[in-house]
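Descriptive structure summary
Here are the chains, one letter per residue:
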Amino acid sequence: MKIQVMAYVIFIHPEFTLYQMPPNQNILLPSLLNKHLRELNKISAPLHSEHKRLARLINDRHMSDNQLAKKPHYSYEELRKGATCLKCQSWHVKVIERSTHCLSCSFRERNGEVILRKLGEYQVLFPDKELKTDRIYEWCGKNYSKESVRRVLSQNFEEKGTGKGRYYV
Ligand SMILES: [Zn+2]
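Residues numbered from 1 in each chain as written. Predicted model: local features only at pLDDT ≥ 70, side-chain atom pairs only at ≥ 80, totals over all residues. Heavy atoms only, no water.

Per an unreviewed UniProt entry, the protein goes by NERD domain-containing protein and derives from Alkalibacterium iburiense.

1. Some details on the layout of surface pockets
A volume near 620 Å³ is recorded for the largest pocket. Around the largest pocket sit 16 residues that line it, and Ile3, Gln4, Leu40, Ile43 and His51 are the ones nearest its centre. Residue assignment for the lining of the largest pocket shows that the elements contributing at least two residues are α1 (30–42) and α2 (49–60). The element best represented in the lining of the largest pocket is α2, accounting for four residues. Residue composition of the lining of the largest pocket, grouped by class: 12 nonpolar, three polar and one charged. (1 Å grid on protein atoms, 1.4 Å probe; cavity = no way out; pocket = protein on both sides within 12 Å on 5 of 7 lines; lining within 4 Å. Points joined across faces, edges and corners; volume = space filled by probe spheres on them. Helix = DSSP H or I, 4+ residues; strand = E, 2+ residues; numbered from the N terminus. Nonpolar A, V, L, I, M, F, W, Y, C, P; charged D, E, K, R; others polar.)

2. What about the nonpolar core?
Counting residues in hydrophobic clusters, the biggest one holds 20 residues, and the most contacted among them are Ile115, Leu119, Tyr122, Leu131, Ile136 and Leu153. Counting only elements with at least two residues in this core, the list comes to α3 (111–125), α4 (133–139) and α5 (146–156). The element best represented in this core is α3, accounting for four residues. Excluding its chain neighbours within four sequence positions, the residues that come into contact with Ile136 are Leu119, Tyr122, Leu131 and Val149. (Core = buried A, V, L, I, M, F, W, Y, C linked by side-chain atoms within 4.5 Å. Buried < 20%, exposed > 50% of the residue type's maximum accessible area, 1.4 Å probe, protein only. Contact = heavy atoms within 4.5 Å.)

3. Concerning the sheet that holds strand β5 (residues 108–110)
Strand order in the open sheet made by the three strands is β3-β4-β5, with antiparallel pairing throughout. The strands lining the two open edges of the sheet, one partner per strand, are β3 (93–96) and β5. With direction set aside, neighbouring strand axes in the sheet form an average angle of 25 degrees. Bridge analysis of β3 against strand β4 (residues 99–102) gives four bridges, and the strand direction is antiparallel. (Pairing = 2+ DSSP bridges. Axes fitted to C-alpha atoms, helices over the stretch in contact; angles between N-to-C directions.)

4. Focus on the coordination of the zinc ion
Each protein donor to the zinc ion is listed here as Cys85 (SG), Cys88 (SG), Cys102 (SG) and Cys105 (SG); together their distances run 2.3 Å. Given four donor atoms and angles of 107 to 114 degrees at the metal, the environment of the zinc ion is assigned as tetrahedral. Motif for the zinc ion, donor spacing along one chain: C-x2-C-x13-C-x2-C. Here the residue Cys85 occupies a position in the loop between α2 and β3, and Cys105 occupies one in the loop between β4 and β5, the gap between them amounting to 20 residues. (Donors = N, O, S within 2.8 Å, 3.2 Å for Na, K, Ca; no water. Tetrahedral: all angles 85-135°; square planar, octahedral: opposite > 155°, others 65-115°.)

5. Considerations on a nonpolar patch on the surface
Together, Met6, Tyr8, Ile10 and Ile12 give the surface a local cluster of nonpolar side chains, amounting to about 430 Å² of exposed area. You can see Tyr8 is positioned in the segment before β1 (9–10). (Patch = residues over 30% accessible without salt bridge, like charges linked within 9 Å, V, L, I, M, F, W, Y side chains within 5 Å. Areas by Shrake-Rupley, 256 points an atom, 1.4 Å probe, with all protein chains shown as cover. Salt bridge = Lys/Arg side-chain N within 4 Å of Asp/Glu carboxyl O.)

6. As for the packing of aromatic side chains
For the structure on display, the rule yields eight aromatic pairs. For the ring pair Tyr74 and Phe126, a centre distance of 5.7 Å and an interplane angle of 75 degrees mean the geometry is edge-to-face. Of this pair, Tyr74 sits in the loop between α2 and β3 while Phe126 sits in the loop between α3 and α4, placing them 52 residues apart in sequence. Assessed through its relative accessible area of 25%, Tyr74 is described here as partly exposed. (Phe/Tyr/Trp six-rings, centres within 6.5 Å; stacked < 30°, edge-to-face > 60°.)

7. Thoughts on the packing of α3 against α5
The relative placement of two packed helices comes down to the angle between their axes together with the axis-to-axis distance. Two elements in contact, α3 and α5, have axes whose closest approach is 10 Å; the angle formed by their N-to-C orientations is 70 degrees. Classified by the angle their axes make, α3 and α5 are roughly perpendicular. Between α3 and α5 lies a crossing of right-handed hand. Between α3 and α5, the contacting residues are Gly112, Ile115, Leu116 and Leu119 on the first element and Ser148, Val149, Val152, Leu153 and Asn156 on the second. (Parallel < 35°, antiparallel > 145°, perpendicular 65-115°, else oblique. Left-handed = near helix turned anticlockwise from the far one by under 90°.)

Set out below in structure tokens:
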């Protein structure tokens, strides 16, 4: 099939924006989408059988059941807890004072950064669960003190509730 194609990257989420976007790129933000569609509709060249064939092909290949969007099944209990190396993903790390040292590749990362990274993982894996100090302490493999975990939580999130019911959003 010989047909001229113009490629665009189109962001459809209404709240998406891209800062410092280079000009003249084939990138369409949500705010430009309607204008782009109007411009397309202005093109008055007649449609040929090739165009219709292409439309049919695209339509036939449309995946309404997106396998990639499906998450695998997992539970908190079955997942391995602990810190990993940012550089080589090794689980062989050792906390020495304020840094986490990788025993596989010698990479060092500040403990606060590792805890924040683990928090990010936890939020992606368990978006419905509350962020609580005890849970994140355990999620980090009990490698860092509860005080360190609480400090990272309070510096990056808003504190809600008190005592045992305290959580962060
Ligand atoms: Zn490493």
